[in-house]
Amino acid sequence: AGMSLPAMNNARKKAEEIKCRNGCMEVQSAKQQWALKNKKTGNATVTMAELVEGGFLDGERSCPSGGTIIVGKVNAQANCSLHNHLNFPKTEEPK
C-alpha cells in the first residue's frame, strides 16, 4: 500500500512551507549580518540583490509554493507573501 493522494499532497505542502520558512530565516540572518557589517540601524532597508551581491546569501531565496520572500527593513521579519501565517520567531534589532 502507499500514501493516499491527499496525504501525499499534504506532505508536499508541509515540506514546501518548511523550505520557505528556512529561506526566510536565512534571509533574516543575512539582513542582521548586513546591518552589522554596514553599520545600519534596524530601520534600514535592504534588498535580496544586495544580500546576494554582498556575499550574505549564496543566491536569492524563493518560496517553492510560488510566494515571494519579502526582505524589507532589518528590524522587520523576512516573510513570505504566501506563508505569512507561519509566525516566524522575532529577531533582535542590531545595536
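The notes below deal with the structure included here.

### Let's talk about the overall build of the protein chain
- Helix and strand content of the protein chain: 2 helices and 2 strands.
- Along its sequence from the N terminus, the protein chain presents helices and strands in the succession α-α-β-β.
- Classification of the 95 residues of the protein chain by burial places 35% in the buried group.
- Taking all contacts inside the protein chain whose residues are at least 6 apart in sequence as the whole, residues at least 24 apart take part in 56%.
- When the accessible area of the protein chain is evaluated, it comes to approximately 6100 Å², of which 52% is carbon and sulfur surface.

### Overview of unusual backbone geometry
- The backbone of Lys39 sits at a positive phi, close to 50°, despite the residue not being glycine.
- In this structure, Lys39 sits in the loop between helix H1 (5-37) and helix H2 (48-53).

### Quick notes on the environment of Met48
- In this fold, Met48 is placed in helix H2.
- With 11 residues separating them in the primary sequence, Met48 and Gly59 have C-alpha atoms 8.8 Å apart.

### Regarding the side chain of His83
- Checked against the element boundaries, His83 lands in the segment after strand E2 (79-80).
- In this structure His83 comes out as buried when scored by relative accessible area, which is 4%.
- Beyond its immediate chain neighbours, meaning those up to four positions away, His83 contacts Glu16, Glu17, Cys20, Cys63 and Ser65.

About the criteria used
- Residues numbered from 1 in each chain as written.
- Predicted model: local features only at pLDDT ≥ 70, side-chain atom pairs only at ≥ 80, totals over all residues.
- Heavy atoms only, no water.
- Helix = DSSP H or I, 4+ residues; strand = E, 2+ residues; numbered from the N terminus.
- Buried < 20%, exposed > 50% of the residue type's maximum accessible area, 1.4 Å probe, protein only.
- Contact = heavy atoms within 4.5 Å.
- Areas by Shrake-Rupley, 256 points an atom, 1.4 Å probe, with all protein chains shown as cover.

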